[in-house]
Amino acid sequence: MDIVEILKQDYQRFPANQTYSLYAQDVYFKDPLNKFSGVERYKAMIGFIETWFIAPKMDLHDICREGDTIKTEWTLSWNTPVPWKPRIAIPGWSELRVNQQDIITSHVDYWKCSRLDVIKQHLPTKNR
């Protein structure tokens, strides 16, 4: 199966049952909160989301491949486990680089909002 098709399926199941075999052992990962290398650390980060967030969901809006780059557009959402359980949403995109064997060597996430915007979503308001 094509890597793009596998990624589409992973997004639908996120964060459960991800296809970690698509990632190089030393994959580079970066987002506005993290920067590290290694598929084991990547697995641990996804495991944290699966364990601690309520109803996490990754809505895939677009995915396209040009040469060794796969770009995805998405919205990550979840309820945070605080008493008022706010629904948090982060719109963003990912740029994945693959090698000649179609193994992901780099995964960089970008957010279309600031870290402060994400924190603000956690604050209780009368409209929530």
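Every value quoted in this text rests on a predicted model; they were computed, and no experiment measured them. (Residues numbered from 1 in each chain as written. Predicted model: local features only at pLDDT ≥ 70, side-chain atom pairs only at ≥ 80, totals over all residues. Heavy atoms only, no water.)

1. Remarks on the overall build of the protein
Condition: In DSSP terms, a helix is any run of H or I states spanning at least four residues, a strand is any run of E spanning at least two, and both are numbered starting from the N terminus. Radius of gyration: C-alpha atoms only; globule rule: 2.2 Å multiplied by the number of residues to the exponent 0.38.
Counting its secondary structure elements, the protein contains three helices and six strands. Each helix and strand of the protein, placed in order from N terminus to C terminus, yields the pattern α-β-β-α-β-β-β-β-α. Taken over the C-alpha trace, the protein has a radius of gyration of 15 Å; the compact-globule value for 128 residues is 14 Å, and the two agree within 12%. By principal-axis analysis of the C-alpha atoms, the protein measures approximately 50 × 25 × 25 Å.

2. Topic: the nonpolar core
What counts, and what does not: In this text, buried Ala, Val, Leu, Ile, Met, Phe, Trp, Tyr and Cys residues form a nonpolar core when linked through side-chain atoms within 4.5 Å. Accessibility here uses a 1.4 Å probe with only protein chains present; expressed as a share of the type maximum, an area under 20% marks a residue as buried, one over 50% as exposed, and anything in between as partly exposed. In what follows, a contact means two residues having at least one pair of non-hydrogen atoms within 4.5 Å.
By size, the foremost hydrophobic cluster in this structure holds 30 residues, and its most contacted members are Ile 3, Leu 7, Ile 70 and Ile 104. Those residues within four positions of Ile 3 in sequence are excluded, and the remaining contacts are Leu 22, Arg 65, Ile 70, Val 98, Asp 102 and Ile 104.

3. Looking at the pattern of salt bridges
It is possible for side chains bearing opposite charge to pair when their charged atoms get close. Definition in use: Each salt bridge in this description consists of a side-chain nitrogen of Lys or Arg and a carboxyl oxygen of Asp or Glu lying within 4 Å of one another.
All told, the structure shown has eight salt bridges when counted by the stated rule. One salt bridge in this structure joins Arg 13 and Asp 10, with 2.4 Å as the shortest N-O distance. Linking Arg 13 with Asp 10, this pair stays in helix H1 (residues 3-13), spanning three residues, or about one helical turn. Here the salt bridges share partners, and the residues they tie into one network are Lys 71, Glu 73 and Lys 112.

None of this, on its own, says anything about what the molecule does.
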